[in-house]
Amino acid sequence: MEELTTQEAAVLAIIRDNPFAGQQEIATALGLARSTVAAHIVQLMQKGHILGRGYVMPTPTRAVCIGGAVLDRKYHARSALVRGTSNPVESGRSLGGVARNVAENLARLGTATTFVSIVGEDEGGRTLLSYMRDQGIDVSQVLTSAERSTAEYVAVLEPDGELALGIADMGIFDLFRPDHLDRIWPHLASASWVFSDCNPPAETLAALIEKRRDARFRLAIDAVSTAKAMRLPRDLSGIDLLFMNIDEANAILQREGREPVKDAKEAALALQAAGAREAIVTMGAKGIAVAGLEGARTFPAVRAKPVDMTGAGDAMIAGTLHRVISGDDTYTAARTGTLLGALTTESAASVHTELSERLLEANIHRLAD
């Protein structure tokens, strides 16, 4: 990471004392030309110390979540589905998307969070943005597009809850191009952690990883699915923390799966060997494997009485990142992540509606069960 020069540090000190200081005022105070001060301010923006006009100062610890924002619709059949005719169902609508869910979880836990995605200029997009604003999430950097509609996932369920048909319209994410990263760079550069799912195109993910190499923030990525995991580059250098389930990890590593716990541990180490600084591989009810800076360890899943599994993996990611941002090592943070995942399965919502730091603390004893 490029350090501040003496003059840049002096300019920043004045701005911290008086965010409304003009360029000429700063120049006079430091005995510099105004053009020199202007150049230093541009550098301070590029390095993430200020966020642009008005010299808005970034929150000391802040997360940025990049990726999917989706309208989820579920249609639960009341009786066995019959093709070619109308079927009575019970319907419901919720908000989804891995990055969106992670962002909401983080905000509910008290982490200052910015969400970056792309939505349509439609009712669905407006609903998503309005809801997230109400949760205290900064959505100022979300793109809107008239070319495509807001992403949508429709699940048609059998009476027993099994998925009969899933329909996904995710084409809008193809419009999230690398140049948008350039436009929002001060927001990324000033973050403590940036999290991205693999909904953006491969070119955008590659650009984000490349930009991280010269930035202050640390980068976490989640594969989302086996197919989307293939959007990641073969060289995973630049990724500080990589989340995958065992199937996604084996797919990207081109290896055959074996006994789950041993296999997840080996896969996490292999992802680390491929360039990721640390990696977490999940095994569903069998727990997780963490390849950290002190080797690979496995942890069991937290016992739960599940109501709905939707969003559990996203909650695990958010719980882990929240604790890492708070100063925990990755092993300890991942254990908190498993707890939040378990709590989420006990809620009917994809993000636990009562989630807070206090809820986590009240259930921390379950990690010892």
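So, how was this worked out
Residues numbered from 1 in each chain as written. Predicted model: local features only at pLDDT ≥ 70, side-chain atom pairs only at ≥ 80, totals over all residues. Heavy atoms only, no water. Helix = DSSP H or I, 4+ residues; strand = E, 2+ residues; numbered from the N terminus. Rg over C-alpha atoms; globule rule 2.2 N^0.38 Å. Buried < 20%, exposed > 50% of the residue type's maximum accessible area, 1.4 Å probe, protein only. Areas by Shrake-Rupley, 256 points an atom, 1.4 Å probe, with all protein chains shown as cover. Lys, Arg positive; Asp, Glu negative; His and termini not counted. Charge placed at Lys NZ, Arg CZ, Asp CG, Glu CD. Pairing = 2+ DSSP bridges. Disulfide = S-S within 2.5 Å. Core = buried A, V, L, I, M, F, W, Y, C linked by side-chain atoms within 4.5 Å. Contact = heavy atoms within 4.5 Å. Axes fitted to C-alpha atoms, helices over the stretch in contact; angles between N-to-C directions. Salt bridge = Lys/Arg side-chain N within 4 Å of Asp/Glu carboxyl O. Phe/Tyr/Trp six-rings, centres within 6.5 Å; stacked < 30°, edge-to-face > 60°. Lys NZ or Arg CZ within 6 Å of the ring centre and 35° of its normal. Expected span 1.5 Å × (residues − 1). Polar contact = N/O pair within 3.5 Å; in protein donor to acceptor, adjacent residues only side chain to side chain. Parallel < 35°, antiparallel > 145°, perpendicular 65-115°, else oblique. Left-handed = near helix turned anticlockwise from the far one by under 90°. Nonpolar A, V, L, I, M, F, W, Y, C, P; charged D, E, K, R; others polar.

A. Representation of the overall build of the chain within the structure. Secondary structure assignment for the chain yields 14 helices and 14 strands. Here the C-alpha atoms of the chain give a radius of gyration of 22 Å, agreeing with the 21 Å that 2.2 N^0.38 yields for 369 residues. Taking all 369 residues of the chain together, the buried fraction comes to 50%. With an accessible surface of roughly 16,900 Å², the chain has 50% of that area assigned to carbon and sulfur atoms. One finds the centroid of the 38 positive side-chain charges in the chain at a distance of 1 Å from the centroid of its 46 negative side-chain charges.

B. Fine view of the pairing of strand β4 (residues 112-116). Across the five residues that make up β4, a large majority, four, are buried. Where strand β1 (residues 62-66) lies against β4, five bridges are found, and the strand directions are parallel. Bridged to arginine 62 within β4 is alanine 112.

C. Structural detail: the state of the cysteines. Under the defined criterion, the tally for this structure stands at zero disulfides. Free of any disulfide, cysteine 65 has its nearest neighbouring cysteine sulfur in cysteine 198, separated by 14 Å.

D. Highlighting the nonpolar core. Counting residues in hydrophobic clusters, the biggest one holds 46 residues, and the most contacted among them are Leu188 and Leu232. Not counting residues within four places of it along the chain, the set of residues in contact with leucine 232 comprises Cys198, Leu205, Ile209, Ile221, Ile239, Leu242, Met244 and Ile252.

E. Just the side chain of histidine 40, in detail. Mapped onto the secondary structure, histidine 40 falls in helix α3 (residues 34-46). Owing to a relative accessible area of 12%, histidine 40 belongs among the buried residues under this scheme. Leaving out residues up to four positions away in the same chain, histidine 40 has contacts with Gln7, Glu8, Val11 and Leu32.

F. The sheet that holds strand β13 (residues 288-292), seen in detail. In spatial order, the strands read β4-β1-β9-β10-β11-β12-β13-β14; together these eight strands make up an open sheet with mixed pairing. Looking at the sheet topology across the chains shown, the edges are occupied by β4 and β14 (295-299). Taken pair by pair, the neighbouring strands of this sheet meet at an average axis angle of 15°, ignoring direction. Strands in contact with helix α13 (residues 330-345) are β11 (241-245), β12 (278-282), β13 and β14; relative to β13, the strand with the most contacts, it is inclined by about 160°.

G. Examining the environment of glutamate 121 more closely. Within the element layout of this structure, glutamate 121 appears in the loop between β5 (118-120) and α5 (123-134). Sequence separation between glutamate 121 and leucine 242 is 121 residues; the distance between their C-alpha atoms is 32 Å.

H. Up close: the pattern of salt bridges. Per the counting criterion, the structure on display carries 14 salt bridges. Two residues, arginine 183 and aspartate 179, come together in a salt bridge whose shortest N-O distance is 3.6 Å. Of the two residues, arginine 183 and aspartate 179 both sit in helix α6 (residues 178-183), four residues apart, roughly one turn of that helix. Its relative accessible area of 52% is what places arginine 183 among the exposed residues.

I. The packing of aromatic side chains, seen in detail. Considering all chains together, one arrives at one aromatic pair under this definition. Measuring from centroid to centroid gives 5.9 Å for tryptophan 185 and phenylalanine 217, while their planes differ by 65°, and the two rings are edge-to-face. Here tryptophan 185, found in helix α7 (residues 185-189), pairs with phenylalanine 217, found in the loop between α8 (202-212) and β10 (218-222); they are 32 residues apart in sequence, far enough to count as distant. Tryptophan 185 sits in the buried class, given a relative accessible area of 9%. Residue classification places phenylalanine 217 among the buried residues on the basis of a relative accessible area of 0%. Its guanidinium or amino end placed over the ring of tryptophan 185, lysine 211 lies 5.2 Å from that ring's centre, counting from NZ or CZ. The ring of tyrosine 331 carries arginine 297 above its face, with NZ or CZ at 3.8 Å from the centroid.

J. Spatial organisation of α13. With 16 residues, α13 should cover 22 Å at 1.5 Å per step; its first-to-last C-alpha distance of 22 Å lies within 8% of that length. Judged by how many residues are buried, α13 sits mostly within the fold: 15 of 16 residues are covered. The N-cap of α13, judged by a side-chain oxygen 3.0 Å from the amide nitrogen of tyrosine 331 a few residues on, is aspartate 329.

K. Main features of the packing of helix α4 (residues 98-108) against α5. In the contact formed by α4 and α5, the axes pass within 10 Å of each other and the chain directions differ by 20°. With respect to their mutual orientation, α4 and α5 come out roughly parallel. Taken as a pair, α4 and α5 cross one another with a handedness that is left-handed. Two secondary-structure elements touch here, α4 through Arg100, Ala103, Glu104 and Arg108 and α5 through Leu128, Tyr131 and Met132. Residue composition of the contact of α4 with α5, grouped by class: four nonpolar, no polar and three charged.

L. Layout of unusual backbone geometry. Its identity as a non-glycine residue notwithstanding, valine 224 has a phi of 80°, on the positive side. Considering the arrangement of structural elements, one finds valine 224 in the loop between β10 and α9 (226-229). Its relative accessible area of 27% is what places valine 224 among the partly exposed residues.

M. Structural context of helix α12 (residues 312-325). Over its 14 residues, α12 runs 20 Å from end to end, which matches the ideal 20 Å to within 8%, given 1.5 Å per residue. Burial runs high along α12: 13 of the 14 residues are buried.

N. Inspection of the sheet that holds strand β3 (residues 89-96) at higher detail. One open sheet holds the four strands; their spatial order is β3-β2-β7-β8, and the pairing between them is mixed. Two strands lie at the open edges of the sheet, namely β3 and β8 (163-169), each paired on one side alone. Taking each pair of neighbouring strands and ignoring which way they run, the sheet shows an average axis angle of 15°. Relative to strand β7 (residues 152-157), strand β2 (residues 70-77) runs parallel, the two sharing six bridges. Following the sheet pairing, histidine 76 is matched in β7 by leucine 157.

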